[in-house]
Amino acid sequence: MYQISNITKNVSSKKILNNISMQIYPGELTVVVGENGAGKSTLLKILALLEKPSSGNVIVDEINTLKSSNKVKPHLGVLAHKSFLYENLTVYENLEFYGQLYRINNLKERIYELISDVGLELVLHEPVYILSRGMQQRLAIARALIHDPSYVLLDEPQTGLDQDAVEILYNLLGNLKEEGKGIVVVTHHFDNLIELCDKLLVLKKGQQVYYEHVSISPTKAKEIYMSLAARR
Amino acid sequence: MGKKWGYILGIITLLTIIAANYLIFIWVPAEKVMGIVQKIFYFHVAAAWVGFLAFFIVFISSIKYLLTFNEKWDWYSAASAEIGFVFMSIVLATGSIWGRAFWGHWWTWDPRLTTSLILWFIYAAYLLLRSGITLEGRRARYSAVLGIIGFIDVPIVWFSVRWWRTVHPNLMESGKMAITTKMSITLSLSVMAFTLLYAFLLPRVVKLYQLDCTIQKTKDVIIRNL
Amino acid sequence: MKFAKIIYAMLCKDFKAEFRRKEILSSMLFFSLLIVVIINVTLNINKDILFENFTGLMWIVFLFTGVLGINRSFINERINDSYLGINLAVGESSIILVSKAVSNLAFIGIVQTIVIPLFFILFSVKWPQNAFLFLLVNFLGTTGFVFLGTFLSVLTINTNSEILLPIVLFPLLLPLVLAVVQASNLILKGAPLQLWGHWLGLILVFDFLYTLVPILLFDFVVEV
């Protein structure tokens, strides 16, 4: 179980996050929504151990990450704002590289498996710089999953994806849920995720204004979503 | 530091400077060989002492910053670097003039002057690095790292140049200066005067950095609430 | 052992990326050749002056070419924040530093393999009998240069000013450059160990210090 409690993040006297707490259980998908500047990306970076909170605890499977983050990192799969990809290397080489870093056995099979999951078979040996934004995003997602992490953290995964790719993504998320992964998705597009979503966290100017299991009040969740959508 | 202590230090500094100047220009007789130009020696050595001391302070503050991440230490590093850079420039200028008077050359590659030159470059690099980074946190961390690495280098520079000059010693150095008791007293007082000046200036420059930081933060708050 | 495999993976990655675009290596090579030409054209090099300044001139070429290559090396890691991806996979940030330094060393090594013989040929200096020693000292000097340079490039890369790296690096590097040039010059002349042993000692101390300290401080530089 992934737990964060009372997370605060200050950056040169700006309070970016204020007293955020959440729990992620295996097989659960949490959606984090909020306006621009609400602190969603920062929250995801903290969850991904890419940033340290100013105060609060981040505890993953009972390991305190502030003390031993290195034990936890192999269990996280992260899709951040930037893709972590190497433009001059091919799709295959990128996955191979990260696979080697994660020391995956049977790397070749694993790569082929992921490539077919995200639908990039045709461009397997093309360099990344010629791929479209959507294809790079799909590759980035594959990269995030290459080591079969227990927790999957995605920052705006739908960016740049066309309709077909979005479907692929949702199938993927559904499968990950079934496999018992804990998933957090930061997004602006809540609508498509309603079916898959278990918990909803709403951030506003760094504050946690709503955090509930969707099943508890599905109407309330829909309401919140509508109000956010209307404001846009 | 209380304002009262600041004033007291300021007055002591001023008095010491006046006393040192008196000793330099009126009390101590000019050195036989070089004449009155030799007196620049007192400024040169005193400035060198402070220049190196200031860098040592940069080194200590940098370590303290990396240990605590308290921005106060970053201010001390930056302030000391600024002051040190100025003093180092004085060292090079006075050293050059003195060299011209003593050995007839505007520049010599003797160990002390060369090490001072390198330290001057390291100071410049430190200040340039700071001015190139806008994120305060990153700027403080990177400067601290450079402060530590730079300081470790100085003794290595000193030894390497010394070995270098023993191989090619002839070029310009010859003859040493005879130092009388009066000269040592004057020199000590000059060193004290400059050190006090440094101690007086340092907290003031630190205060400037502190105020600058406050202004930045206020700006941020205003912009955020626009 | 695990580290060795990771560094090897990163080396392969760097070489693959380089040979696809061929930007760093070829520019380093041509730049160094250009400096050699400029040296010949601008300086009045007769036999006597030359021999005393042979390794010095060589190192001028290496310094400027090396800084060019080092400046480029971290850029690829920052384009898509790949260094964060590596940090997540490996945990230990200093591996990135070591592997980058090693790949920089490899690139500069390739350039040196061409430039050093070229120098001997162009300036008609006899290939020394103790060539091994000469090359060893050169290699040790290059290692210190590359390691410190790679580390400092992470600091200066944020300023978007390519010229800041040499400004920061060269003053710090002075003892090392002095030592390498003095030592290799003496070796070329066939001087006995006593005359240049202390320079070698300095190179080793420098290499040790400026490999250890950057690794220790690297965590402060990577913001994780």
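Rules used in this analysis
Residues numbered from 1 in each chain as written. Chains lettered and ligands numbered in written order. Predicted model: local features only at pLDDT ≥ 70, side-chain atom pairs only at ≥ 80, totals over all residues. pLDDT = per-residue confidence, 0-100. Contact = placed C-beta atoms within 7 Å. Helix = DSSP H or I, 4+ residues; strand = E, 2+ residues; numbered from the N terminus. Core = buried A, V, L, I, M, F, W, Y, C linked by C-beta atoms within 7 Å. Buried ≥ 20, exposed ≤ 12 C-beta atoms within 10 Å, placed from the backbone. Nonpolar A, V, L, I, M, F, W, Y, C, P; charged D, E, K, R; others polar.

## Notes on the confidence of the model for chain B
Here is step 1 of the chain: Counting all residues, the mean pLDDT for chain B is 87, and 92% of those residues have values of 70 or more.
Here is step 2 of the chain: Scored below 50 in pLDDT, residues 170–174 of chain B makes six contacts in the model with residues more than four places away or belonging to other chains.

## Notes on the environment of A:His75
Residue and element names in this part refer to chain A.
Here is step 1 of the chain: Tracing the backbone shows His75 in the loop between α2 (69–72) and β6 (76–79).
Here is step 2 of the chain: For the pair formed by His75 and Gly160, sequence separation is 85 residues and the distance between their alpha carbons is 27 Å.
Here is step 3 of the chain: With residues up to four places along the chain from it excluded, the contact list for His75 reads Val60, Pro149, Ser150 and Tyr151.

## Topic: the nonpolar core
Here is step 1 of the chain: Within the largest apolar cluster, 191 residues are counted, with the highest numbers of intra-cluster contacts made by A:Val31, A:Ala48, A:Ala142, A:Leu153, A:Val184, C:Leu148 and C:Ile203.
Here is step 2 of the chain: Ignoring sequence-local partners within four residues, the contact set of A:Val31 consists of A:Val185, A:Thr187, A:Phe190, A:Leu193, A:Cys197 and A:Leu200.

## Focus: unusual backbone geometry
Here is step 1 of the chain: The phi torsion at A:Asn106 lies on the positive side, around 50°, for a residue other than glycine.
Here is step 2 of the chain: Secondary-structure assignment places A:Asn106 in the loop between α3 (91–101) and α4 (107–118).
Here is step 3 of the chain: Located in the positive-phi region is C:Ser124, a residue other than glycine, with phi close to 55°.
Here is step 4 of the chain: In this fold, C:Ser124 is placed in the loop between α6 (94–122) and α7 (131–156).
Here is step 5 of the chain: Looking at C:Ser124, the number of C-beta atoms within 10 Å reads 8, which means it is exposed.

## Here we look at helix α5 (residues 82–90) of chain C
Here is step 1 of the chain: Counting buried positions over the nine residues of α5(C) gives nine, a clear majority of the element.
Here is step 2 of the chain: Three or more residues of α5(C) are buried, namely C:Ser82, C:Tyr83, C:Leu84, C:Gly85, C:Ile86, C:Asn87, C:Leu88, C:Ala89 and C:Val90.
Here is step 3 of the chain: Where α5(C) is buried, its residues contact β6 and α3 of chain A together with α1 (2–21), α4 (75–79) and α6 of chain C.
Here is step 4 of the chain: At the exit of α5(C) stands C:Gly91, carrying a positive phi of roughly 90°.

## Let's talk about the interface of chain B and chain C
Here is step 1 of the chain: Taken together, the contact between chain B and chain C spans 24 residues of the former and 23 residues of the latter.
Here is step 2 of the chain: When residues of the side of chain B that touches chain C are traced back to their parent elements, those giving at least two are α4 (111–132) and α5 (136–167) of chain B.
Here is step 3 of the chain: Looking at the side of chain B that touches chain C, the element that brings in the most residues is α5(B), giving 15 residues.
Here is step 4 of the chain: Per-class residue counts for the side of chain B that touches chain C are 18 nonpolar, three polar and three charged.

## Looking at the confidence of the model for chain C
Here is step 1 of the chain: Chain-level pLDDT for chain C is 89 on average; 99% of the residues reach the 70-or-more range.
Here is step 2 of the chain: Interface scoring of the predicted complex returns ipTM 0.89; its pTM is 0.87.

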